[in-house]
Amino acid sequence: LVKLLLIVPYDETNGKHDLVGLVLEKADYVNVYVAAFPLPTRPTIYDANIQDEAKAPVRARMEAEHQARINDYCLYVAAERDVQRFVLAVIEDTWVCELKHSTTFYTQVRGISLLAHLQSICSGLHALDALALQNEMKGFHVTAEGIPEYINALEDSQKRSARAGQPITEITLVMIASNAMLTTGQFPRANDDWEELRALERTWAKWKALSRDVDKKVKIKLKAAGGSDQPGAANAVMYEPLVETPAVDAAAFEGYFENLAAVAVNEKAVLEQLVAANATLNTTNAELSATVARLSKENQNLQCECTAARKKTPAAAAVPGRPRPIGHGK
């Protein structure tokens, strides 16, 4: 949600606020933007402060400022509504039904109120989960595309653990990362440089700087070897030009949330279909087993009846040593 909200151009007049104020807690927002996020009020169609005798430049400036307030308010309403819709689409009603009103349902409940409610009832990361997370971090180097991605994965896990009250220290990050590099032996020269450092110099910031530097040099070599038959040529780094992010209007912004909500709902529907299909298969297997058992029992009964009938029917007389002609059974 934060990533989506950050790309929306908001506060056209002053440029001091962003729509992330709709999902961030007040303290977190103030820590970045200094002031609390102001909830805008609905502006009028026309700015009544514009005097009839106002000169053209003054009128144009005031009309532009008023139009900017209208644009901001439209984006705010769209974001507020879609944040709420997104949360309701991906969260089971069981966890938020306490906030549902008997008449207005969730229409008067803000998205940030839903998030705060979920936060209050969430048990958070247990100490066992934090330990399991650290074990997972030891294998991040296997799936990471490169050093920058590996560093980001480690720091994201550190932040996640800190939010749950189970902090992971930078010393732990250093131990996990340096051990991973020594185990793979991917950058022997960098590993040697790291081992030559004094204990006090082996910080997380130093490890990141050293690793990023060697990663950059390796990528340059791979790029230079791109298209050749040298080892590693298949992994040559291709750099593409930066593309400017287009402006986002209220309609496009609303579409982003609809797409995210649709994906979440679709995944939930697919899971429900799989569960239903599995239940149907279990029922079908049970019916087939019962049918097989019944047919086996009926077959056994028929065999018993045939055996009893053969015992009751006397054998036809025959002359010893002389075969009975065909058609003279009587």
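Residues numbered from 1 in each chain as written. Predicted model: local features only at pLDDT ≥ 70, side-chain atom pairs only at ≥ 80, totals over all residues. Heavy atoms only, no water.

Trainee: Let's hear about a nonpolar patch on the surface: which residues, and what values?
Mentor: Nonpolar side chains collect at one region of the surface, where Val2, Leu6 and Ile7 lie side by side and expose about 220 Å² of accessible area between them. Within the secondary structure layout, Leu6 lies in helix 1 (residues 2-6). Take Leu6: its relative accessible area is 44%, and that puts it in the partly exposed class. (Patch = residues over 30% accessible without salt bridge, like charges linked within 9 Å, V, L, I, M, F, W, Y side chains within 5 Å. Areas by Shrake-Rupley, 256 points an atom, 1.4 Å probe, with all protein chains shown as cover. Salt bridge = Lys/Arg side-chain N within 4 Å of Asp/Glu carboxyl O. Helix = DSSP H or I, 4+ residues; strand = E, 2+ residues; numbered from the N terminus. Buried < 20%, exposed > 50% of the residue type's maximum accessible area, 1.4 Å probe, protein only.)

Trainee: Could you give me a rundown of the packing of aromatic side chains, with the residues and numbers involved?
Mentor: Working definition: an aromatic ring pair is given by the centre-to-centre distance plus the angle between the planes. For the coordinates displayed, the defined rule picks out six aromatic pairs. When the centroid spacing of 4.4 Å and the interplanar angle of 20° are considered together, the rings of Tyr29 and Tyr33 count as stacked. One end of the pair is Tyr29 and the other is Tyr33, both in helix 2 (residues 26-33) and four residues apart, which spans about a single turn. Each member of the pair, Tyr29 together with Tyr33, is buried. For the pair Tyr29 and Phe37, a centre-to-centre distance of 5.8 Å together with 85° between the ring planes defines the contact as edge-to-face. Assigned by exposure class, Tyr29 and Phe37 land together as buried. Among the aromatic residues, ring-to-ring pairing joins Tyr10, Tyr29, Tyr33 and Phe37 into one connected group. (Phe/Tyr/Trp six-rings, centres within 6.5 Å; stacked < 30°, edge-to-face > 60°.)

Trainee: So what's going on with the layout of surface pockets? Which residues, and what values?
Mentor: Size it by volume and the largest pocket reaches roughly 650 Å³. At the level of secondary structure, the elements contributing two or more residues to the lining of the largest pocket comprise helix 2, helix 3 (56-90) and helix 4 (111-121). No other element matches the five residues that helix 4 contributes to the lining of the largest pocket. Counted by class, the lining of the largest pocket contains 13 nonpolar, two polar and three charged residues. (1 Å grid on protein atoms, 1.4 Å probe; cavity = no way out; pocket = protein on both sides within 12 Å on 5 of 7 lines; lining within 4 Å. Points joined across faces, edges and corners; volume = space filled by probe spheres on them. Nonpolar A, V, L, I, M, F, W, Y, C, P; charged D, E, K, R; others polar.)

Trainee: Tell me about the side chain of Asp72, and name the residues and values.
Mentor: Turning to its location among the elements, Asp72 is positioned in helix 3. Comment: no salt bridge for buried Asp72; closest opposite-charge side chain is Arg69, at 8.3 Å. (Lys, Arg positive; Asp, Glu negative; His and termini not counted.)

Trainee: So what's going on with the nonpolar core? Residues and values would help.
Mentor: Counting 21 residues, the largest nonpolar core has Met137, Tyr150, Leu154, Met181, Trp204 and Trp207 as its most contacted members. Elements supplying a minimum of two residues to this core: helix 5 (127-137), helix 7 (147-163), helix 8 (170-184), helix 9 (188-196) and helix 10 (204-224). Sorting elements by how many residues they give to this core places helix 8 first, with six residues. Other than its neighbours up to four places away in sequence, Met137 contacts Leu154, Ser157, Ile168, Leu173 and Ile176. Counting residues in each nonpolar core, the second largest holds 15 residues, with Leu5, Leu19, Leu22 and Phe37 among its members. (Core = buried A, V, L, I, M, F, W, Y, C linked by side-chain atoms within 4.5 Å. Contact = heavy atoms within 4.5 Å.)

Trainee: So what about the pattern of salt bridges? Which residues, and what values?
Mentor: All told, the structure shown has ten salt bridges when counted by the stated rule. Here Arg61 and Glu65 are joined by a salt bridge, their closest N and O atoms 3.6 Å apart. Taken together, the residues span about one helical turn, with Arg61 and Glu65 both in helix 3 at a distance of four residues. On the accessibility criterion, Arg61 (45% relative accessible area) is partly exposed. In this structure, Asp93 and Lys100 form a salt bridge, with 3.6 Å as the shortest nitrogen-oxygen distance. Using a relative accessible area of 34% as the deciding quantity, one classes Asp93 as partly exposed.

Trainee: Describe unusual backbone geometry, listing the residues and the values that go with them.
Mentor: Excluding glycine, residues mostly have negative phi values, and the peptide bonds linking residues are mostly trans. The phi torsion at Val34 lies on the positive side, around 75°, for a residue other than glycine. Counting through the fold element by element, Val34 comes out in the loop between helix 2 and helix 3. Here Phe105, not a glycine, exhibits a phi torsion of approximately 55°, which is positive.

Trainee: Residue-level account of the environment of Leu118, with values.
Mentor: Structurally, Leu118 can be placed in helix 4. Here the alpha-carbon distance between Leu118 and Trp95, two residues 23 residues apart in the chain, equals 7.0 Å. In contact with Leu118, other than residues within four places in its own chain, are Val87, Ile91, Trp95 and Val96.

Trainee: Tell me what's going on with helix 8, and back it up with residues and numbers.
Mentor: Here helix 8 is 15 residues long and its end C-alpha atoms lie 21 Å apart, about the 21 Å a rise of 1.5 Å per residue gives. Among the residues of helix 8, those classed as buried are Thr172, Leu173, Val174, Ile176, Ala177, Ser178, Ala180 and Met181. Just past helix 8, the residue Gly185 takes up positive phi, approximately 65°. (Expected span 1.5 Å × (residues − 1).)

Trainee: Explain the packing of helix 7 against helix 8 to me, and be specific about the residues and the numbers.
Mentor: Between helix 7 and helix 8, whose axes approach to 11 Å, the crossing angle comes to 145°. As for the relative orientation of helix 7 and helix 8, their crossing is right-handed in sense. Taking contact as the criterion, the partners of Ile147, Tyr150, Leu154 and Gln158 in helix 7 are, on helix 8, Glu170, Leu173, Ile176, Ala177, Ala180 and Met181. Counted by class, the contact of helix 7 with helix 8 contains eight nonpolar, one polar and one charged residues. (Axes fitted to C-alpha atoms, helices over the stretch in contact; angles between N-to-C directions. Left-handed = near helix turned anticlockwise from the far one by under 90°.)

Trainee: I'd like to hear about the packing of helix 8 against helix 9, residue by residue, with values.
Mentor: Closest axis-to-axis distance for the helix 8/helix 9 pair is 10 Å, and the angle between their directions is 135°. On the basis of the axis angle, helix 8 is oblique to helix 9. Judged by the twist between their axes, the crossing of helix 8 over helix 9 is left-handed. Contacts between helix 8 and helix 9 involve Val174, Ser178, Met181 and Leu182 from the first element and Asn191, Trp194 and Glu195 from the second. Tallied by class, residues from the contact of helix 8 with helix 9 come to four nonpolar, two polar and one charged. (Parallel < 35°, antiparallel > 145°, perpendicular 65-115°, else oblique.)

Nothing here speaks to function; it is geometry throughout.
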